[in-house]
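This is what each chain is made of:
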Amino acid sequence: MTTQLVFKAKFFDDNGDVLAGGMVYFYEPGTTTPKDTYSDSETTTNSNPVILDSRGEAFIWGDGLYDVQVNDYQDVPVRTEPNIGLDSAAITGETAAITSFACLGASDSEFGWNETWVNHLDKAFKSQDIDAKVYQTGSGAISFYRAMNDTDTLTGKTWAAITSESDPDVIIISLGINDTILDVDGRSQAQVVVDAQNLVSFFRTNNPTAILIYGRILPYDDERHSAKAVTAIKKKYCIPYMQWLSTTTGDESYYTSDLVEVEKIITSTMQSRLGDWRILDAAVQLEVDFTIDMKYFKVTRLGWVSHDRVHPTSLGHYFMMSNLWTAFQTNAALREAIPVLEDIRDVGDFTNFDLLWSSAVKLDAGGDGYDFDPAFTDGNEFMMQANIYDTTNLIQSFKYWANIQRPSITVTPVVNKSLDHIFAVSMQDLLPNTEIKTKLWSQTGSEPATWNSASPIANTSDTGAHIGLEQNSSQSADDYYIKYLVGNDVFGPYSFTVSGTYSGGSGGVTVAKFTRSVSVGVPVNTWYDIPLNTTEFNDDPTNITLNATTGQVDIAYGAGYTRFRLSGWATFNSGGNGTYTLAHKRNGVAQPSQSIGNGQIDSTVGAAYPLVSFVAPWSEIDSGGEIIFLEAYCSNNATLEGAYRMGLQIEVM
């Protein structure tokens with residue numbers, strides 16, 4: 001008998017899905033007379049219909065031509081192929097050989113659905129019309145142990161079984177961080193190694209032809225510090241999660257990117273976990289066919305991680321995928337093992353994020369960590385990164401890489417009293433409506449152990465911004481450090497210098513501050529005099545007075561003062577879309593154009609209590625004295641929130 005081989009034919013329905021449990025009938029051409037097929041090349045006859053297994057497969061040998069009827073598992077017809085040989089793809093419904101990549105990972109590859117490295121890899125193949133499909137088969141928080149032992153609540157299958165039953169040509173395993181660094185199972189070093197070996201063995205048994213790739217998720221700078229003992233590993237060598245909390249007195253509950261802090265050695269707990277990861281990492285590499293470093297540490301060092309300091313952002317996932325893609329382009333043995341990789345075209349260096357890394361960073365002063373390279377912003381890589389990947393915040397992400405938030409913060413570096421400088425801080429991209437606390441100390445002294453709250457409390461706006469303006473008149477000439485605490489993040493220290501002395505008056509500055517802590521409604525479309533009613537402090541109550549009923553402040557002329565300056569603040573609870581302005585009235589005339597700062601906002605319905613503030617420049621005191629009011633103007637209903645206080649600070653000299 002002349003036989004024709006279809007070795008374990010795999011059948012699909014018209015949607016391209018595996019025809020699990022399907023029924024395939026074979027007939028003499030042009031008749032309804034059954035015609036035999038065989039499960040081997042000899043004489044073992046198949047049933048007719050042939051019943052497909054859970055993978056849609058069966059061993060089928062035959063002789064000559066057949067009429068073939070393909071039905072689903074309920075015996076419902078799918079297709080009919082008349083007078084056809086068993087070597088035709090028309091029988092199975094497989095139109096082209098598609099290489100499938102199953103990616104078994106934890107939340108680093110599953111989290112976010114359409115923006116992980118798995119999805120980016122699938123899109124990269126599709127962009128070049130390459131016959132490959134890439135899909136996720138894991139779940140958040142899984143480990144090598146959980147992949148074999150935990151089940152999906154919907155399918156009732158283990159993650160290993162889900163991966164195996166998808167019948168992949170390639171399995172990319174990116175596990176290990178949960179097993180060791182996060183220690184989600186509490187298993188010993190020896191146990192996690194056995195767990196990994198068991199998973200690989202499972203795939204070797206159930207998917208003997210699949211290529212196994214280990215996608216290394218490196219929790220530290222292995223390229224530079226793999227030879228160091230775990231007891232010598234500094235925080236700056238590790239992903240932010242491993243750096244844990246600050247150890248600075250008063251900051252023990254907070255996260256920081258302070259250069260002094262990141263120079264410290266990681267905790268003993270993290271040393272032990274990193275040691276476990278190293279052993280596991282070496283063991284997995286021995287078990288698989290190929291290993292690709294996805295350079296996760298570099299992703300975190302660039303600050304491309306979410307607020308939990310663990311999961312990469314979409315841009316971070318691009319970085320990780322690009323390292324897979326580079327290996328797919330350059331590893332000759334890998335390309336030979338997976339022929340579809342030879343169809344990848346070279347579309348330019350912008351797909352290689354490692355080039356961006358080498359341009360953006362340089363070694364730090366100690367030679368064992370990294371600093372941002374200012375020359376990067378002048379080069380083509382920065383423009384490519386900013387334009388193609390739609391982000392321009394690389395600098396602050398790099399600077400605040402170990403924090404939860406990665407804001408933009410600017411602090412006045414020099415305050416020269418002789419030139420009437422003011423101290424200013426500008427913050428953007430912080431958590432909204434969050435209190436800002438400070439520490440301030442001389443660079444020749446010690447950092448305070450406690451944080452100070454402002455009076456009134458200083459909060460970020462509903463968009464996560466803050467502008468602070470103040471004359472540091474109480475600070476003598478010196479070099480200072482200032483730090484900010486916003487939520488659970490510590491930023492700084494920032495250095496600034498105070499120099500010079502103020503001219504005018506008796507040679508110094510007299511200060512008074514008046515506030516209100518009871519909410520008050522603001523009329524619409526008119527300048528409203530805010531009835532301040534509390535004196536916080538007043539260096540000269542004789543010549544600077546407050547009417548606690550109307551909120552009027554009087555400054556006397558001829559009391560040794562020649563000029564004055566004002567700063568004001570209030571928190572609006574906006575009742576609708578509109579413009580909300582804070583300014584002052586001077587001798588009966590509103591002065592919004594004389595104010596600087598965020599004295600006006602455009603608010604929307606539901607905006608959460610934006611803080612509005614201003615500073616008015618120095619002005620000559622009128623010969624008749626000054627009559628001052630803090631004023632508000634609203635184009636829609638609004639309330640000034642007393643819980644956050646509102647106030648006016650006056651400086652005369």
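Below is a summary of the structure that appears in this document. (Residues numbered from 1 in each chain as written. Predicted model: local features only at pLDDT ≥ 70, side-chain atom pairs only at ≥ 80, totals over all residues. Heavy atoms only, no water.)

Note on backbone geometry: most residues besides glycine have negative phi, and most peptide bonds are trans. For the peptide bond that leads from Asn 48 to Pro 49, omega is 20°, which places it in the cis range. Structurally, Pro 49 is set in the loop between β2 (23-27) and β3 (50-51). Residue Pro 493 follows Gly 492 across a cis peptide bond; omega there is 10°. Tracing the backbone shows Pro 493 in strand β22 (residues 489-499). Phi is positive for Asn 83, close to 50°, though the residue is something other than glycine. With respect to the helices, strands and loops of the structure, Asn 83 is situated in strand β6 (residues 77-85). Of note, Asp 183 is a non-glycine position whose phi angle comes to about 50°, a positive value. (Helix = DSSP H or I, 4+ residues; strand = E, 2+ residues; numbered from the N terminus.)

This paragraph deals with the sheet that holds β3. Strand order across the open sheet formed by 4 strands is β3-β2-β5-β6, with antiparallel pairing between neighbours. Looking at strand neighbours, the two that pair on one side only are β3 and β6, the edges of this open sheet. Here strand β5 (residues 65-71) pairs with β6 via 6 bridges, running antiparallel. Looking at β6, one finds that Leu 65 is bridged to Gly 85. (Pairing = 2+ DSSP bridges.)

Glancing now at the pairing of strand β18 (residues 436-442). Of the strand pairs in this sheet, β18 and strand β21 (residues 478-486) are connected by 7 bridges, and their pairing is antiparallel. Following the sheet pairing, Leu 440 is matched in β21 by Ile 482. Here β18 pairs with strand β19 (residues 452-453) via 2 bridges, running antiparallel. From the neighbouring strand, Thr 438 faces β19, where its bridge partner is Asn 452.

Turning our attention to the pairing of strand β9 (residues 170-174). The buried count for β9 comes to 5 of 5 residues, which makes it a mostly enclosed element. Alternating residues of β9 divide into Val 170, Ile 172 and Ser 174 and Ile 171 and Ile 173, and every residue in both groups is buried. Both strand β7 (residues 99-105) and β9 contribute to a ladder of 5 bridges, which runs parallel. Looking at the pairing, Phe 101 lines up with Val 170 of β9. Where β9 and strand β10 (residues 211-216) come together, 4 bridges link them in parallel fashion. For Ile 172, the partnering residue across the bridge sits in β10 and is Ile 213. As a crossover connection, the stretch from β9 through helix α6 (residues 189-206) into β10 is right-handed. (Buried < 20%, exposed > 50% of the residue type's maximum accessible area, 1.4 Å probe, protein only. Right-handed = clockwise from strand over helix to strand, strands pointing away.)

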